[in-house]
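If you want the building blocks of each chain, they are given just below.
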Amino acid sequence: SQQGEEDPQALSIQEGENATMNCSYKTSINNLQWYRQNSGRGLVHLILIRSNEREKHSGRLRVTLDTSKKSSSLLITASRAADTASYFCATPGRGGYQKVTFGTGTKLQVIP
Amino acid sequence: DVKVTQSSRYLVKRTGEKVFLECVQDMDHENMFWYRQDPGLGLRLIYFSYDVKMKEKGDIPEGYSVSREKKERFSLILESASTNQTSMYLCASTRGGGEKGEQYFGPGTRLTVT
C-alpha cells in the first residue's frame, strides 16, 4: 500500500547540475521524510519536514512541501558523483505506532 | 554513534530451509521493523514490534514470523524458505513517541533462496 510516489523513476545528470525529485501522496500527513540509499545498502535519513513548514534546507538539500497539492520536492544543488543513489520519500503509515510508508524511489545517477 | 546491525550481508539458502535474520540496535529504541525491498516495489513492511514480546503484522507477513525477546534484538524467521522470498531484507528502528520520525536502518541482508 504505497502512499508516496516519486517522480521521475530515474534521473541522470552531470556533476555540478541540480537534481530535483518529486513525491506525491494521497492522504493528509503530519510530516514527510526523505531518505537516501546507496547501492545495496540500508537507507539513511536526510530530512524531515512538518506539515506546517513549506520549505527546509540542509546543506545542499532543499525540501519543499505543498500540502494543498499533496506533494513534496527534494532539490540537490551542485550535485556530486557521491550523490548517486536512490532517494525515497516516506509518509506516516496508517494507524498508530511508528510506521511509515515508503515510495518506490527515484534512482539518481550523477555523471562525473 | 547510532547503530543498527544485521547478522549477514549475504545469505544463500535452499528451498524449505528455516532461515533466521537477526537485527540488533544499540539506541534503546522501542520500535523495530523488518522490510523487504524488491525492484520496482520499493520497501514493504513485513512485521514490526513496538515493545519486547510485542509484534504487529505489516503489509506482507505471509511466510514470515518474528521474535523480540530483548529490546535490542528483533529476529525475522522464514519458517520454510521459498524462491519468492529471495530479496533484500532491511531492518530499522525508531524511538517511541508521538511523531512518526526518523528510522535508522541496518545495512541489509541480501537473501537468495535456491
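*Asks:* Before we go on, may I ask you to explain the pairing of strand β4 (residues 31-38) of chain B in this structure?
*Replies:* Within a regular strand, the side chains alternate between the two sheet faces. Residues and elements named next belong to chain B. Of all the 8 residues making up β4, 8 are buried; the element is thus mostly covered by neighbouring parts of the structure. Every second residue of β4 is oriented toward a common face, with Asn31, Phe33, Tyr35 and Gln37 on one face and Met32, Trp34, Arg36 and Asp38 on the other, all of them buried. Looking at chain direction, β4 and strand β9 (residues 87-94) are connected through 7 bridges and run antiparallel. Opposite glutamine 37, over in β9, you have methionine 88 as the bridge partner. Where β4 meets strand β5 (residues 42-51), 7 bridges bridge the pair, whose relative direction is antiparallel. Within the sheet, the bridge partner assigned to aspartate 38 lies in β5 and is glycine 42.

*Asks:* I tried to follow the packing of aromatic side chains on my own but got confused; where do I start?
*Replies:* Each aromatic ring pair is summarised here by two numbers: the centre-to-centre distance and the angle between the ring planes. Overall, the coordinates contain 8 aromatic pairs over all chains when judged by the stated rule. Each ring, one from Tyr35(A) and one from Phe105(B), has its centre 5.9 Å from the other, and the planes form 80 degrees; the classification is edge-to-face. Taken together, the positions of Tyr35(A) in strand β4 (residues 31-37) and Phe105(B) in strand β10 (residues 104-105) put the pair across two chains. Taking the centre distance of 6.1 Å and the plane angle of 20 degrees together, the rings of Phe33(B) and Tyr35(B) count as stacked. A residue is classified by how much of its surface remains accessible, and Phe33(B), at 0% relative accessible area, is buried.

*Asks:* Just to check I follow, could you spell out unusual backbone geometry for this structure?
*Replies:* Among all residues except glycine, the phi angle is most often negative; among peptide bonds, the trans geometry is most common. All names here are of chain A. The amide bond that connects aspartate 7 to the next residue, proline 8, takes the cis arrangement and shows omega of 0 degrees. Within the secondary structure, proline 8 sits in the loop between β1 (5-7) and β2 (10-14). The backbone phi angle of lysine 70 is positive, close to 55 degrees, even though this residue is not glycine. Of note, lysine 70 is situated in the loop between β7 (61-66) and β8 (71-76). Assessed through its relative accessible area of 26%, lysine 70 is described here as partly exposed. Even without being a glycine, alanine 78 presents a positive backbone phi close to 45 degrees.

*Asks:* In this structure, what is going on with the pattern of salt bridges? I would like to understand it.
*Replies:* Opposite charge on two side chains makes pairing possible when the charged atoms of those side chains draw close. Residues and elements named next belong to chain B. One pass over the structure, following the stated rule, counts 9 salt bridges over all chains. The shortest N-O distance in the salt bridge between lysine 71 and glutamate 30 comes to 3.8 Å. With a gap of 41 residues between them, lysine 71 in the loop between β7 (64-70) and β8 (73-78) and glutamate 30 in the loop between β3 (19-25) and β4 connect regions that are remote in the sequence. The partly exposed category is assigned to lysine 71, whose relative accessible area is 25%. Note that arginine 44 and aspartate 38 form a salt bridge whose closest N and O atoms lie 2.8 Å from each other. Judged by relative accessible area, which is 23%, arginine 44 ranks as partly exposed. A single network of salt bridges, built from pairs that share partners, joins Asp28, Glu30 and Lys71.

*Asks:* Please clarify how the side chain of Gln6(B) should be interpreted in this entry.
*Replies:* Residue and element names in this part refer to chain B. Examined against the element boundaries, glutamine 6 turns out to sit in strand β1 (residues 4-6). With relative accessibility at 9%, the residue glutamine 6 sits in the buried group. A polar contact of 3.1 Å, which involves the side chain of glutamine 6, links it to the backbone nitrogen of cysteine 91.

*Asks:* Before we go on, may I ask you to explain the interface of chain A and chain B in this structure?
*Replies:* In many analyses, interface size is given as the accessible surface area lost on bringing the parts together. Listed per partner, the contact involves 26 residues of chain A and 30 residues of chain B. Roughly 2,100 Å² is buried in total at the junction of chain A and chain B, and carbon and sulfur atoms are behind 50% of that figure. Counting across the interface, chain A meets chain B through 0 salt bridges. At the junction of chain A with chain B, the criterion picks out 4 residue pairs in polar contact (both at pLDDT 80 or more). Only β4, β5 (43-50), β9 (85-92) and β10 (100-102) of chain A provide two or more residues apiece to the side of chain A that touches chain B.

About the criteria used
- Residues numbered from 1 in each chain as written.
- Chains lettered and ligands numbered in written order.
- Predicted model: local features only at pLDDT ≥ 70, side-chain atom pairs only at ≥ 80, totals over all residues.
- Heavy atoms only, no water.
- Buried < 20%, exposed > 50% of the residue type's maximum accessible area, 1.4 Å probe, protein only.
- Helix = DSSP H or I, 4+ residues; strand = E, 2+ residues; numbered from the N terminus.
- Pairing = 2+ DSSP bridges.
- Phe/Tyr/Trp six-rings, centres within 6.5 Å; stacked < 30°, edge-to-face > 60°.
- Salt bridge = Lys/Arg side-chain N within 4 Å of Asp/Glu carboxyl O.
- Polar contact = N/O pair within 3.5 Å; in protein donor to acceptor, adjacent residues only side chain to side chain.
- Contact = heavy atoms within 4.5 Å.
- Buried area = accessible area lost by both parts, 1.4 Å probe.

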